[in-house]
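Here is what each chain is made of, one letter per residue.
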Amino acid sequence: VSQSRYGFNSKASKSSMLKKVVIGLAVLLVAAAVMAVLFVDAVAARLVSTAGTRVLGVVTSVRGVHLGLLSGSTSVDGLVVAQPAGFMGDAMLSVDRVEVRAGLRELISNDIVIDQVAISGVAVDISEVNGRINLQVVADNISSAGAADAPSKSAPAEPSKSTVTVRELRITGIRVKARLENA
């Protein structure tokens, strides 16, 4: 056993230092994993809001998203789809919570199997102004967005061979308001 000139056992000192480095790396990895999970959820929420707004043609927002990539449970909280321009009211559609239970393996296969979709706290505001219905305006926006994203018609697209199966769909707490507005 060798000793340094200060009287410390250098092997014990190196072993102690190695343990500290390993523990430090483990703590950093755990912190990085936690940050990655939080970051992924925030990115997903931003993506839902941005893509929803682009495709629907109206402001779309979510309060939060949790991607349970390993747990098999994903949720969206506080989904709000605003009214199209010219319609009164804050939201055309709002959903308190959407929960989806499906394993990662089932979601990335060609035959997607979703065990359960639970949607709660749904509020729909259907309005007509000057012969235009808000839901139809948004549906037209979706069609326009789809046409803009469609591939060129030079080569026909091959039909998709994938399927999506939802084993259980639960929708609770539905409120619908319909009104005729005078402009």
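What counts, and where the lines are drawn
- Along each chain, residues carry numbers from 1 onward, in the same order as the chain's sequence is written.
- In keeping with the predicted nature of the model, local features appear solely for residues at pLDDT of at least 70, side-chain atom pairs appear and are counted solely at 80 or more, and the whole-chain, interface and lining totals rest on all residues.
- Here the side-chain values reflect all heavy atoms present in the structure, with hydrogen atoms and water set aside.
- Only DSSP runs of H or I covering at least 4 residues are called helices, and only runs of E covering at least 2 are called strands; the numbering of each starts at the N terminus.
- Burial classes follow relative accessibility: with a 1.4 Å probe on protein chains only, a residue under 20% of its type's maximum area counts as buried, one over 50% as exposed, and anything between as partly exposed.
- Whether two residues are in contact is decided by their heavy atoms: any pair within 4.5 Å suffices.
- Throughout, nonpolar core names a set of buried Ala, Val, Leu, Ile, Met, Phe, Trp, Tyr and Cys residues whose side chains join them through atoms within 4.5 Å.
- Basic side-chain nitrogens of Lys or Arg form a salt bridge, by our definition, when they fall within 4 Å of a carboxyl oxygen of Asp or Glu.
- In this scheme, strands are said to pair when DSSP sees at least two bridges between them.
- Patch membership is restricted to residues that have no salt bridge and whose relative accessible area is over 30%. Joining uses 9 Å for like charges and 5 Å for the nonpolar side chains Val, Leu, Ile, Met, Phe, Trp and Tyr.
- Each accessible area is a Shrake-Rupley result for a 1.4 Å probe, and residues are judged covered by the shown protein chains and nothing else.

Visitor: With reference to specific residues and values, describe the overall build of the chain.
Guide: When its secondary structure is counted, the chain shows three helices and seven strands. Starting at the N terminus, the α and β elements of the chain follow one another as α-β-β-β-β-α-β-β-α-β. Among the 183 residues that make up the chain, the fraction classed as buried is 25%. A separation threshold of at least 6 residues defines the contact pool for the chain, and within that pool the share at least 24 residues apart is 56%.

Visitor: Can you tell me about the side chain of Ser-94, naming the residues and giving the values?
Guide: Within the secondary structure, Ser-94 sits in strand E4 (residues 91-101). Residue classification places Ser-94 among the buried positions, given a relative accessible area of 18%. With sequence-adjacent residues up to four places away left out, Ser-94 is seen in contact with Leu-79, Val-80, Gly-121, Val-122 and Ala-123.

Visitor: How would you explain the nonpolar core if you had to name every residue and give the values?
Guide: Counting residues in hydrophobic clusters, the biggest one holds 14 residues, and the most contacted among them are Val-62, Val-65, Val-76, Val-95, Val-98, Ile-119 and Val-122. Taken together, the elements giving at least two residues each to this core come down to helix H1 (10-56), strand E3 (73-82), E4 and strand E5 (111-129). Here this core gets five residues from one element, more than from any other, and that element is E5. Among residues more than four places away in sequence, those in contact with Ile-119 are Val-95, Arg-97, Val-98, Leu-169, Arg-170, Ile-171 and Thr-172. Of all hydrophobic cores here, the second largest spans five residues; its members include Leu-56, Val-58, Met-92 and Val-138.

Visitor: An account of unusual backbone geometry is requested, with residue identities and associated values reported.
Guide: At Asn-130, a position not held by glycine, the phi torsion is positive, near 50°. Among the secondary structure elements, Asn-130 is positioned in the loop between E5 and strand E6 (132-133).

Visitor: Please give an account of the side chain of Asp-125 that cites residues and values.
Guide: Tracing the chain through its elements places Asp-125 in strand E5. If we ignore the near neighbours within four places in the chain, the residues touching Asp-125 are Gln-83, Met-88, Ala-91, Met-92, Asn-134, Lys-177 and Arg-179.

Visitor: How would you sum up the pattern of salt bridges? Please name residues and give values.
Guide: Under the defined criterion, the tally for this structure stands at five salt bridges. The salt bridge partner of Arg-97 is Glu-99, with a shortest N-O separation of 3.3 Å. Taking the relative accessible area as the measure of exposure, Arg-97 reaches 28% and is therefore partly exposed. Put simply, Glu-168 and Arg-170 hold a salt bridge, and the shortest N to O gap is 3.4 Å. Its relative accessible area of 34% is what places Glu-168 among the partly exposed residues. Linked through salt bridges whose partners overlap, the residues forming this network are Asp-77, Arg-97 and Glu-99.

Visitor: Which residues make up the pairing of E5, and what values do they have?
Guide: Sheet analysis places E4 next to E5, joined by eight bridges and oriented antiparallel. The residue of E5 that forms the bridge with Val-98 is Ile-119. When E5 meets E6, the two strands line up antiparallel, connected through two bridges. Each residue of the ladder has a partner; that of Val-129, found in E6, is Arg-132.

Visitor: So what's going on with a nonpolar patch on the surface? Residues and values would help.
Guide: A contiguous nonpolar patch, built from Val-40, Leu-69, Leu-70, Leu-104, Leu-107 and Ile-108 and spanning about 620 Å² of accessible area, is present on the exposed surface. With respect to the helices and strands, Leu-107 occurs in helix H2 (residues 104-107). In this structure Leu-107 comes out as partly exposed when scored by relative accessible area, which is 38%.

Visitor: Break down the environment of Lys-177 for me, citing the residues and quoting the values.
Guide: With respect to the secondary-structure elements, Lys-177 resides in strand E7 (residues 163-181). A residue is classified by how much of its surface remains accessible, and Lys-177, at 47% relative accessible area, is partly exposed. Each C-alpha atom, one on Lys-177 and one on Ala-123, is 7.9 Å from the other, the two residues being 54 residues apart in sequence. Not counting residues up to four positions away in its chain, the partners in contact with Lys-177 are Val-124, Asp-125 and Ile-126.

Shape is all these values report; function is a separate question.
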